[in-house]
Amino acid sequence: MPQISACIISFNEEQKIEACLQSLSAVVDEIIVVDSNSTDDTLNIAAHYTDKLFIQPFLGHVQQKNVAVSKACNEWVLSLDCDERLSPQLQQAILAIKESLDEYDAYRLSRKTFYIYRWLNHIWYPDKKVRLFNKNKGKWGGVNPHDKVVVDGSRVHDLQGDLLHLSFDSISDHLQTVDKFTDIAAEEIIRQGKKVTLLTPFVHATWTFLRMYVFKFGFLDGFAGIVASLISCLHVFVKYSKVIVYFKQKGGCGQMTNAHEASKAPRFPPRITVLMACYNGEKYIAAAFDSLIAQTYSDFEVLVVDDASTDDSVQIFEKYAQADPRFRIVRLEKNYGVTHARHIGLMAAKGEFVAILDQDDLCEVQRFALQVAYFDAHPDVVVLGGYYGIVDARGRTVRKMKRVPIDDLEIRWRLTMGNCLIHSTVMYRRDKALDCGGYDLTLIHGEDMDLLAKIILTGKAASIPQRVAFWRQHQESVTQSVCPDEREHYYIKIVQRSLQTILARDISFATAASAHINGNTPSASVRDFQQALQILYEIYLRFVEGANRKDTKILSRALLQAVLRFKKRNEKNSWWRGQQSRWESYISAVLHTHHYRWFFDPQLFFLNHVSFSHLPRLWRISLAKRDIDVLASPHPESE
């Protein structure tokens, strides 16, 4: 008999969740509760019914419900909100078809709503909802906050019985929800670029009232029917009105004249959220803020997550916030660490894009204008970096320009085995980061590299070949103050995870350490050295498959650089001499099997910092024309 998993998302639902769980316990085999850090007794109540409790910062209605579905052990999922419960008739209907669930892909339930003081028998009934479905055939979709189950297939069956919905307890409760939900809905309309005219609020609101009160016989629901119809009409009017007001303010028709007026304006998402995790940053944070205010592109907010600073960082921020309403702050009660701060910031971000700026770094004035224009011209790009410069503690330029990879395949290849983008140059699409679950809170270091490696699985990566930021080099930076071995440990864990995802097999930590292209530690053993070389080559083959000549050349350059670095890292090992021939065979494969003409590629030396001391060896291998199949032994044994 097929088993059913009940999936519920919750946040401060102590008044309603128990009745929901009681109605489910009679018909399901597993209950999953995904909670958004409730501060009331929700989790304690849920613990009486299930041990499958998960904490997940709120990602949005659609995303949060899909997270709950992903936790289910069974194929069949029954998804309810905390203010819903199964009627006895619906419970019996589910039990009756449980043995034959697989005859259909999903089942629709009739939802009946209790509104303030009575059941609505017409205006919102029967409100058909797909809630019981095979998770291999369906998932949550729709537009936040109006989520719905999208089924891949037409085999959907209606069940007898009602899904009871205890909606609003008062008119005030309904109006508060209108304000919150219209913000979310207006954000989605703006993000999707839907056309809204001055007539839209009036036309849609009028039709909503007529449809609910007249055509759905809402007048038969008495006074509650007219209240629900009018507030629903208001909901639609306010939603579209907020969109119009947003564009009038942005376009100048309703231009705000001062910071006080701006602070009273409706809160709509800017295109960019500048995310800055701050801890005791008073020495450099003002300079970072000044570089943001100087931007030629102004449609952004600055979101500072203060990780319980003990210096004057917050006071400095408050001065900027008084002068510019685009600045806002999230203050944490205790110091959780930079990863936690960034994750909280991502959850609170409102922009379509998230731009990273560390508290001690600086933006070029054209950065946001360049990056937004690039995103708009390349809708398939999800992560965007850029060239950068280096300044010292006093802000003096140490290096005017440092280049990074600019092509998708090279960035993707390098992010698999190490980082290649400077954090304060990065901008990414917020929805893609949320879909990936955000920052991994188990990582103390390397959380930026891990998130980027996850995001690029959803789209392309690129870098702008212009300087967009300055990285500040100073003794108090995290890079300088943290033990290198501790930091590298986390980077290796991320590399290990990426390799296992791509190759679909277990990779040991020691082998991942050898394959880490940014590491300097010698391989722990001959076997790790051999397998690391093999892994680099396997992944290279996956990336060049189907690539054009330009991308093949770029990837061949990247692989050759990584292989050459193996010599510097391992040549002092006692076993190096016996492995040198194997190492050279990989160079030969790049030069001959894949026809990389290194002598026509000056970027090998000037961009990727390959030493000129390698020239004699490269010439010798090129002239030898050895073509060795380095994949002959995919899992070499120690020699």
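Before reading further, recall that the structure is shown in the block above.
The written sequence of each chain sets the order in which its residues are numbered from 1. pLDDT decides what is reported in this predicted model: residues at 70 or higher carry local features, side-chain atom pairs at 80 or more are listed and counted, and totals for whole chains, interfaces and linings draw on all residues regardless. Side-chain metrics in this entry use all non-hydrogen atoms of the structure; hydrogen atoms and water are not considered.

Caption draft 1: Region of the structure containing the nonpolar core. By size, the foremost hydrophobic cluster in this structure holds 96 residues, and its most contacted members are W413, Y428 and L560. Counting residues per element, this core draws most heavily on helix α19 (residues 526-544), at 11 residues. Buried residues of nine kinds, namely Ala, Val, Leu, Ile, Met, Phe, Trp, Tyr and Cys, make up a nonpolar core once their side-chain atoms join them within 4.5 Å. A simple rule labels every residue: compare its accessible area, found with a 1.4 Å probe on the protein chains alone, to the largest value its type can have, and call it buried under 20%, exposed over 50%, or partly exposed in between. If you look at the next biggest cluster of nonpolar residues, it comprises 28 residues, including V274, Y297, F327 and L384. Think of it this way: any DSSP run of H or I at least four residues long counts as a helix, any run of E at least two long counts as a strand, and we number them from the N terminus.

Caption draft 2: The arrangement of the packing of helix α13 (residues 408-417) against helix α20 (residues 549-570) in detail. Between N-to-C directions, angles span 0 to 180 degrees; the directions come from axes that are lines fitted to C-alpha atoms, helices contributing only their stretch in contact. Direction vectors running N to C along α13 and α20 enclose 30 degrees, while the axes themselves pass 9 Å from each other. With respect to their mutual orientation, α13 and α20 come out roughly parallel. Between α13 and α20 lies a crossing whose hand is right-handed. Each of L409, E410, W413 and R414 in α13 lies in contact with α20, whose residues at this interface are D551, I554, L555, R557, A558, L559, Q561 and A562. Class assignment of the residues belonging to the contact of α13 with α20 gives a composition of 7 nonpolar, 1 polar and 4 charged. Here is the rule for angles: anything less than 35 degrees is roughly parallel, anything more than 145 is roughly antiparallel, 65 through 115 is roughly perpendicular, and the remaining ranges are oblique. Handedness of a crossing follows from how the near helix is turned relative to the far one, being left-handed for an anticlockwise turn of less than a right angle and right-handed for a clockwise one. By definition, residues are in contact when any of their heavy atoms lie within 4.5 Å. All amino acids are sorted into three groups, where Ala, Val, Leu, Ile, Met, Phe, Trp, Tyr, Cys and Pro are nonpolar, Asp, Glu, Lys and Arg are charged, and the leftover types, Gly among them, are polar.

Caption draft 3: Summary view of the pairing of strand β1 (residues 4-10). A large share of β1 lies buried, amounting to 7 of its 7 residues. Burial along β1 is two-sided: I4, A6, I8 and S10 and S5, C7 and I9, pointing in opposite directions, are all buried. As paired elements, β1 and strand β2 (residues 30-35) share 6 bridges and run parallel to each other. Residue pairing across strands places A6 opposite I31, the latter belonging to β2. Tracing the backbone out of β1, into helix α1 (residues 17-25) and back to the parallel element β2 gives a crossover that is right-handed. Two strands are said to pair when DSSP picks up at least two bridges between them. Here a crossover is taken to be right-handed if, once the strands point away from the viewer, the path from the first strand over the helix to the second is traced clockwise.

Caption draft 4: Just helix α23 (residues 615-624), in detail. Taken together, the buried positions of α23 are R617, L618, I621 and S622. On an axial view of α23, the arc spanned by its buried residues comes to 130 degrees, and they lie on one face. Structural note: α23 exposes P616 and L623 on the side pointing more than 90 degrees away from its buried face. To obtain the arc, one takes the directions from the helix axis to the C-beta atoms.

Caption draft 5: Geometry of the environment of A461. Inspection of the secondary structure puts A461 in strand β20 (residues 460-472). Separated by 33 residues in the primary sequence, A461 and Y428 place their C-alpha atoms 9.2 Å from one another. Apart from the residues lying within four places of it in its own chain, the contact partners of A461 are V383, D407, D408, I411, R412 and I456.

Caption draft 6: Spatial organisation of unusual backbone geometry. Each neighbour pair has its own omega, and for Y125 with P126 the value is -5 degrees, a cis peptide bond. Turning to its location among the elements, P126 is positioned in the loop between β7 (118-120) and β8 (127-134). Unusually for a residue other than glycine, N12 sits at a positive phi of about 50 degrees. Position of N12 relative to the elements: it lies in the loop between β1 and α1. By relative accessible area, N12 is classed as partly exposed at 30%.

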